[in-house]
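# Secondary and tertiary structure notes
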Amino acid sequence: MISIIAAIGKNGELGRKNNLLWNLPEDMRHFRDTTRGHTVIMGQKTFESIGHPLPNRRNIVVTRNRAFKADGVDISNSLEDTLNSLKNADEEVFVIGGGEIYRQSIEKADKLYITHVNKSFPDADTFFPKIDDNIWQKIKNKKYLNDNLNEYDLEFTEYLKK
Ligand SMILES: NC(=O)c1ccc[n+]([C@@H]2O[C@H](COP(=O)([O-])OP(=O)(O)OC[C@H]3O[C@@H](n4cnc5c(N)ncnc54)[C@H](OP(=O)(O)O)[C@@H]3O)[C@@H](O)[C@H]2O)c1
């Protein structure tokens, strides 16, 4: 099963200049708890932005650059092949970004874990694809109000493909 996990602003904003637009420990905790022990798939740019493999998970980095090397990760030169080979695996596999990879994965995904950040970010340069109501049904919704560590209100949601 292929799942996507992302945190997005009011207009689908994901990032700017290869970084996140916020520092939200509560969302980081949600991300860690949801993906721990699973395989995570990410684009080369997201890997570069994180700077290291995520612990306690199998990390797959996709790049078209056949010379790309990094310690502690599996490298794939084709996102399509990787998704096809894991689609029917028993485990839940998580696509963790970024924009290019979400765009190419959403049609193959079975489930979305979206943290909606209740704020617009006009400077963003990377966006999540539109979540089409005709295709995706919201099955969970949990609100989290901002506090001294988390600047914005959040909504932890899950969507299943109809
Ligand atoms: N808010 C969130 O939840 C979240 C999550 C993750 C990332 N982000 C943000 O998203 C931004 C990065 O996203 P991005 O769209 O710029 O880059 P990205 O999706 O992380 O990576 C794009 C790279 O992936 C490789 N790639 C793309 N399609 C491929 C395919 N079909 N097969 C093999 N490799 C493929 C290419 O690498 P090569 O150029 O090496 O060939 C491409 O340059 C950053 O700002 C980051 O902070 C946000």
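If you're wondering where the values come from, they're calculated on a predicted model, not measured in any experiment.

The positions that UniProt labels "domain: DHFR" (unreviewed entry) are, in the present scheme, residues 1-161. Taken end to end, residues 1-161 is 20% helix and 32% strand, and its two terminal C-alpha atoms sit 12 Å from one another.

A few words now on the pairing of strand β4 (residues 58-62). Counting buried residues in β4 gives 4 out of 5 residues, a clear majority hidden from the surface. Taken together, the 5 bridges between strand β3 (residues 39-43) and β4 define a ladder with parallel strand orientation. Residue Gly-43 lies in a different strand from β4, and its bridge partner there is Val-62. Handedness of the crossover is the feature at issue here: the chain leaves β3, passes through helix α2 (residues 44-50), returns alongside β4, and the resulting connection is right-handed. For β4 and strand β5 (residues 74-76), the ladder comprises 3 bridges, and the chain directions are parallel. Note that in β5 the partner of Val-62 across the bridge is Ser-76.

The subject of this paragraph is the side chain of Thr-35. By secondary structure assignment, the location of Thr-35 is in helix α1 (residues 25-35). Among the polar contacts made by the side chain of Thr-35, one reaches the side chain of Arg-57 at a distance of 2.9 Å. For Thr-35, the residues in contact, after removing those within four places along its chain, are Ile-5, Val-40, Arg-57 and Phe-94.

Attention shifts here to α1. Listed in full, the buried residues belonging to α1 are Glu-26, Asp-27, His-30, Phe-31, Thr-34 and Thr-35. Projected down its long axis, α1 shows its buried positions confined to an angular sector of 150°, all on one face. Gly-37 lies just past α1 and shows a positive phi near 85°.

On to the pattern of salt bridges. Counted by the stated rule, this structure contains 8 salt bridges. Between Arg-36 and Asp-33 there is a salt bridge; the shortest N-O distance is 3.5 Å. A relative accessible area of 45% means that Arg-36 is categorised as partly exposed. Exposure remark for Asp-33: the relative accessible area of 44% places this residue in the partly exposed category. For the salt bridge of Lys-143 with Glu-155, the shortest nitrogen-to-oxygen distance reads 4.0 Å.

As enumerated under the stated definition, the model contains 5 aromatic pairs in all. Between Phe-94 and Tyr-113, the aromatic rings sit 5.5 Å apart at their centres with planes inclined by 50°, giving tilted as the arrangement. You can see Phe-94 sitting in strand β6 (residues 93-95) and its partner Tyr-113 sitting in strand β7 (residues 111-117), a full 19 residues away along the chain. Taking the relative accessible area as the measure of exposure, Phe-94 reaches 0% and is therefore buried. What makes Tyr-113 buried here is its relative accessible area of 6%. An angle of 80° between the planes, with centres 5.6 Å apart, marks the rings of Phe-121 and Tyr-152 as edge-to-face. Residue Phe-121 is found in the loop between β7 and β8 (126-127), and its partner Tyr-152 is found in the loop between β9 (136-144) and β10 (154-161); the two are separated by 31 residues along the sequence.

Parameters at a glance
- Residues numbered from 1 in each chain as written.
- Predicted model: local features only at pLDDT ≥ 70, side-chain atom pairs only at ≥ 80, totals over all residues.
- Heavy atoms only, no water.
- UniProt positions renumbered as here; feature names shortened; annotations may be inferred.
- Helix = DSSP H or I, 4+ residues; strand = E, 2+ residues; numbered from the N terminus.
- Buried < 20%, exposed > 50% of the residue type's maximum accessible area, 1.4 Å probe, protein only.
- Pairing = 2+ DSSP bridges.
- Right-handed = clockwise from strand over helix to strand, strands pointing away.
- Polar contact = N/O pair within 3.5 Å; in protein donor to acceptor, adjacent residues only side chain to side chain.
- Contact = heavy atoms within 4.5 Å.
- Arc of directions from axis to C-beta.
- Salt bridge = Lys/Arg side-chain N within 4 Å of Asp/Glu carboxyl O.
- Phe/Tyr/Trp six-rings, centres within 6.5 Å; stacked < 30°, edge-to-face > 60°.

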